[in-house]
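A closer look at the structure
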Protein chains: 2
Amino acid sequence: MKIVIDGFGGDNSPDEVLKGAALAVKELGIEVAVTGDTDILKKRMEELKLSSDGIELVHAEGVIQVEDNPRSILKEKANTSMGVAFKYLADGNADAVISAGSTAAIVMGGTMIGKRIKGVKRTALVPLMPAKGGVRYCVLDGGANLECRPEMLQQFAIMGSLFMQKTMGIKNPRVGLLNIGTEDEKGRELEQETMKLLRNTPSINFVGFVEGRDVPLGAVDVLVTDGFTGNVYLKACEGMGILMKDAMKSMFFANLKTKLGALMVKKQIKEFSAQMDYKTIGGSPLLGTAKPVFKAHGSSDAIAFLGAFKQAKRFVENNAIEEMAAAIAQLSDKEEA
Amino acid sequence: MKIVIDGFGGDNSPDEVLKGAALAVKELGIEVAVTGDTDILKKRMEELKLSSDGIELVHAEGVIQVEDNPRSILKEKANTSMGVAFKYLADGNADAVISAGSTAAIVMGGTMIGKRIKGVKRTALVPLMPAKGGVRYCVLDGGANLECRPEMLQQFAIMGSLFMQKTMGIKNPRVGLLNIGTEDEKGRELEQETMKLLRNTPSINFVGFVEGRDVPLGAVDVLVTDGFTGNVYLKACEGMGILMKDAMKSMFFANLKTKLGALMVKKQIKEFSAQMDYKTIGGSPLLGTAKPVFKAHGSSDAIAFLGAFKQAKRFVENNAIEEMAAAIAQLSDKEEA
């Protein structure tokens, strides 16, 4: 198996990308292709004393920036490290792609260069979020499609459910539709219509409407919603996480006594921080593409990149895309029938 | 000043309502009317040894329940403790009303019995949320209107801004429009159109788009959004708050050593919990009504009810409704001009 990674995506590139790639070769037994200016990449690998075993460097010019128009990945930015990585994947040279670069460009490039699964209306960005006890749930759409139709959400539910099964090892993932209450009559037309569809989707374990309050406490494995609401939900969680972390810091650093107290719960704090940390998980898949595309967090380090490689590997090994394609095809058959 | 309170609204009614009313009379120097079965109320006051000074009991029959159709507050449930409280207000016997009962019934009753300010398109429920450092910001709409037009959000921005000035004592409240990014082109048509309106609303201090991540960290004083998004945002914050609180508990109760550690930061934990606690603030106003309507939290105790009385008193004293009416009228003049 070979996975291609955007060598210049993310805040800590290329060094942490290269370190992550070397770790992936060693620990996962895969081959890795790294895109970017090969002179720089070669030089950094030497300086970091990284083995080149199993690592191929693929030349690219420049980097697509967050402020660049995401569409430019298809044309004027096609030769950047991200553009070349997508092309490398599309040409069949790799089994999956990872990038920590501009999210919008990944959604655009992944969808347009990587193509969609037949029948898939829209691709969805699918972040994994921490819930109580250190488990993870996925949210889709996390922001790729601001406004969605019920049929899109139905496909998201199917793809998210398969992702959690095939990549995260959850047997019968509970799929919930985000709403402002759990009673049948709650929500907008979108929630009402989508509920009808999801109740008639036998391939998923639909548990009904779910409120945002119950999701971080572990109510569902797959949270389905439109991209605008999903993004607001995700960022609210993130903001509250930062608020609570800051508050804990102030508490423990208040004075000598509290610092002593902090020492006594040090191990527990560390464990909890690890539970809440995106690094232990890796990337967010872009689901609905015909080839696996993973977005790594912009501030990923080598360990986070290794996490993304692990995810991508499991995704490929377990034929997640074939399963999604079959489920989507079945859906279309049903519609036509 | 006289404030009427629904004697049987909330999980801890009528006892905590009565205790809160007695505290309000004593500490705020106001008169209070409590609605409900006067036999029961009288008996509970005696048993709780509460002074009846400044407290009037107003007879009502039964209680409207969360599962009742909110519209019933206008007809078959008009004689319940909440219905009578609204009528008491509408008849001019009190300056403001407080209830910890069914939110949907309060929105319905407050709007229909209390009437709207002239020109106000919709009333909004406006929860106050804790942000970094213990400050508060308000969210509107918090869930009364699932789908909103830009003109509604513009009115919400004006009312929320005046509420934060007149009741929370914030001089030049920063008004932000909730969005998935801060760049001008971000968001749905609703965010795009509303931004144009808010940029042309001189009476508010509009700071532009704001992401949910930055709001708990103190980015704005007034968060404007539609009721669906607002409710999802609020509940995500709530869920993450519970998650973090649970996690802290597990950390500190892990073993003897961590329990000792907990003792050393006890004071700081207590302070932080107080900052995050809705009880220290009281109620959520229903804004846009011609008379002040406050929703207290369903699990309010006497201290939380006292908080709601304090808020309502400041709201009345500072002529918040007159100011809102003037600002809304100005808006209509502008539209007509």
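Since this is a predicted model, take the numbers as computed values, not measurements.

Our focus in this paragraph is the relation of the copies chain B and chain A. Note on the identical chains: chain B maps onto chain A by a rotation of 180° and an axial translation of 0.0 Å, with an RMSD of 0.0 Å. As the rotation angle and translation indicate, the two copies are arranged about a two-fold axis. Distance from the rotation axis, computed per C-alpha, reaches its smallest value in chain B at B:Gly261: 1.9 Å. Looking at chain B, 100% of its interface residues are interface residues in chain A too, so the copies touch through the same face.

Its place among the elements puts A:Glu191 in helix 6 (residues 189–199). According to the relative accessible area criterion, A:Glu191 is buried, its value standing at 2%. Filtering out sequence-adjacent residues up to four positions away, A:Glu191 remains in contact with A:Leu177, A:Leu178, A:Asn179, A:Phe209 and B:Phe228.

So, about the pattern of salt bridges. All names here are of chain A. Applying the stated criterion across every chain, the model contains 42 salt bridges over all chains. A salt bridge links Glu-271 to Lys-267; the nearest nitrogen and oxygen atoms lie 3.8 Å apart. Taken as a pair, Glu-271 and Lys-267 lie in helix 9 (residues 266–276) at a separation of four residues, close to a single helical turn. Classification of Glu-271 as partly exposed rests on a relative accessible area of 44%. In this structure Lys-267 comes out as exposed when scored by relative accessible area, which is 56%. Through salt bridges that share partners, Asp-15, Lys-43, Arg-44 and Glu-47 make up one connected network.

Time to look at the interface of chain B and chain A. Listed by partner, the interface residues are 49 residues for chain B and 49 residues for chain A. For the pair chain B and chain A, the summed buried surface comes to about 4700 Å²; carbon and sulfur atoms form 80% of the total. We note a salt bridge from A:Glu211 to B:Lys235, for which the minimum N-O separation is 2.4 Å. Where chain B meets chain A, there are 10 residue pairs in polar contact (both at pLDDT 80 or more). For the side of chain B that touches chain A, the secondary structure elements donating two or more residues are strand 8 (174–179), helix 7 (227–252), helix 8 (256–264) and helix 9 (266–276) of chain B. Counting residues per element, the side of chain B that touches chain A draws most heavily on helix 7 of chain B, which supplies 21 residues. Partitioning the side of chain B that touches chain A into residue classes produces 27 nonpolar, 11 polar and 11 charged.

The next point concerns the packing of aromatic side chains. The geometry of an aromatic ring pair is captured by two quantities: the separation of the ring centres and the angle between the planes. Taken as a whole, this structure holds five aromatic pairs over all chains when the rule is applied. Relative to B:Phe252, the ring of A:Phe252 lies with its centre 6.1 Å away and its plane at 55°, an arrangement referred to as tilted. Of this pair, A:Phe252 sits in helix 7 (residues 227–252) while B:Phe252 sits in helix 7, placing the two residues on different chains. Just as A:Phe252 is buried, B:Phe252 falls in that class too.

Let us now look at the state of the cysteines. Applying the stated criterion to the full structure yields zero disulfides over all chains. No disulfide involves A:Cys138; its sulfur sits 14 Å from that of A:Cys237, the nearest cysteine. Looking at the unpaired B:Cys148, the closest cysteine sulfur is the one in B:Cys138, lying at 14 Å. Take B:Cys148: its relative accessible area is 11%, and that puts it in the buried class.

The next subject is the sheet that holds strand 8 (residues 174–179) of chain A. Residue and element names in this part refer to chain A. Ordered by their spatial adjacency, five strands build an open sheet running 6-7-10-8-9, and the pairing between neighbours is mixed. The sheet is open, and its two borders are formed by strand 6 (128–130) and strand 9 (205–211), each paired with just one other strand. The average undirected angle you get between the axes of adjacent strands in this sheet is 30°. As judged from the three bridges shared by strand 8 and strand 10 (residues 222–224), these two strands associate in the parallel manner. Paired with Leu-177 across the strands is Val-224, a residue of strand 10. Against the sheet, helix 5 (residues 150–166) makes contact with strand 6, strand 7 (136–140), strand 8 and strand 10, and its axis sits at roughly 155° relative to strand 7, the strand it touches most.

Locating A:Gln155 in the fold gives a position in helix 5. When sequence neighbours within four positions are dropped, the list of residues in contact with A:Gln155 reads A:Gly119, A:Val120, A:Lys121, A:Arg122, A:Ile328 and A:Leu331.

The next subject is the confidence of the model for chain A. Fine structural detail should not be taken from predicted coordinates in areas where pLDDT scores are low. In this model, chain A carries an average pLDDT of 93, and 98% of its residues clear a pLDDT of 70 or more. For this predicted complex, the interface confidence reaches an ipTM of 0.91, while the overall pTM sits at 0.92.

A separate point is the environment of A:Ile117. All names here are of chain A. If you trace the backbone, Ile-117 turns up in the loop between helix 4 (103–112) and strand 5 (124–125). Owing to a relative accessible area of 5%, Ile-117 belongs among the buried residues under this scheme. Among all residues touching Ile-117, those that are not within four sequence positions of it are Gly-288, Thr-289, Ala-290, Ile-321, Met-324 and Ala-325.

This part takes up the pairing of strand 9 of chain A. Residues and elements named next belong to chain A. Along strand 9, five of the seven residues are buried, which leaves the element largely enclosed by surrounding structure. In terms of strand pairing, strand 8 meets strand 9 through six bridges, oriented parallel. By the bridge assignment for strand 9, Gly-176 is matched with Gly-208. A crossover links strand 8 with its parallel partner strand 9, the connecting element being helix 6, and its sense is right-handed.

The next subject is the pairing of strand 12 (residues 293–296) of chain B. Sheet faces and side chains relate simply in a regular strand, where the side chains alternate between the two faces. Residue and element names in this part refer to chain B. Of the two faces of strand 12, the one lined by Val-293 and Lys-295 and the one lined by Phe-294 and Ala-296 are each fully buried. Of the pairings in the sheet, the one linking strand 4 (residues 96–99) to strand 12 comprises three bridges and is parallel in character. Bridging from a neighbouring strand, Ser-99 pairs with Lys-295 of strand 12. Of the pairings in the sheet, the one linking strand 11 (residues 283–287) to strand 12 comprises four bridges and is antiparallel in character. Within the sheet, the bridge partner assigned to Ser-284 lies in strand 12 and is Lys-295. The loop that links strand 11 with its antiparallel partner strand 12 comprises five residues; one of these, Gly-288, has a positive phi angle of about 110°.

Turning our eyes to something else, we now look at the packing of helix 9 of chain A against helix 7 of chain B. Across the interface, helix 9 of chain A lies against helix 7 of chain B with an axial gap of 10 Å and an inter-helix angle of 150°. In terms of axis orientation, helix 9 of chain A runs roughly antiparallel to helix 7 of chain B. Pair helix 9 of chain A / helix 7 of chain B crosses with right-handed handedness. Mapping the contact onto sequence places A:Gln268, A:Ile269, A:Phe272 and A:Met276 in helix 9 of chain A and B:Met240, B:Leu243, B:Met244, B:Ala247 and B:Met251 in helix 7 of chain B. Within the contact of helix 9 of chain A with helix 7 of chain B, the residues separate by chemical class into eight nonpolar, one polar and no charged.

Parameters and conventions
Each chain carries its own residue numbering, running from 1 in the written order of its sequence. Chain letters and ligand numbers both follow the written order, the letters beginning at A and the numbers at 1. Whole-chain, interface and lining totals are the exception, using all residues; otherwise, since this is a predicted model, local features are given only for residues with pLDDT of at least 70 and side-chain atom pairs are given and counted only at 80 or more. Computation of side-chain values covers all heavy atoms of the structure but excludes hydrogens and water. Here the copies were fitted onto each other by least squares, based on C-alpha atoms from residues at pLDDT of at least 70 in both. By definition in these notes, contact holds between two residues if any of their heavy atoms fall within 4.5 Å. Numbering of helices and strands runs from the N terminus; a helix is a DSSP stretch of H or I covering at least four residues, while a strand is a stretch of E covering at least two. Burial here depends on accessible area, computed with a 1.4 Å probe over protein chains only, as a share of the maximum for the residue type. Under 20% is buried, over 50% is exposed, and the range in between is partly exposed. A pairing counts as a salt bridge when a side-chain nitrogen of Lys or Arg comes within 4 Å of a carboxyl oxygen of Asp or Glu. When two parts are put together, the accessible area they lose, computed with a 1.4 Å probe and summed over both, is reported as buried area. What qualifies as a polar contact is a pair of N or O atoms within 3.5 Å, subject to a donor-acceptor requirement within protein and to the restriction that residues adjacent in sequence count only when both atoms come from side chains. Three categories are distinguished: nonpolar for Ala, Val, Leu, Ile, Met, Phe, Trp, Tyr, Cys and Pro, charged for Asp, Glu, Lys and Arg, and polar for the others, with Gly belonging to the last. Two aromatic rings, drawn from Phe, Tyr or Trp (for Trp, its six-membered ring), form a pair once their centres lie within 6.5 Å of each other, and the interplanar angle then sorts them: stacked below 30 degrees, edge-to-face above 60, tilted otherwise. Disulfide: a pair of cysteine sulfur atoms within 2.5 Å of each other. Two strands are said to pair when DSSP picks up at least two bridges between them. Throughout, an axis means a line fitted to C-alpha atoms (over the contacting stretch in the case of helices), and angles, computed between N-to-C directions, take values from 0 to 180 degrees. As a per-residue quantity, pLDDT reports the predictor's confidence and falls between 0 and 100. A clockwise course of the path from the first strand over the helix to the second, judged with the strands pointing away from the viewer, identifies a crossover as right-handed. Angles are sorted into four bins: roughly parallel if under 35 degrees, roughly antiparallel if over 145, roughly perpendicular if 65 to 115, and oblique for all others. In this scheme the crossing of two helices becomes right-handed for a clockwise turn of the near helix relative to the far one and left-handed for an anticlockwise turn of less than a right angle.

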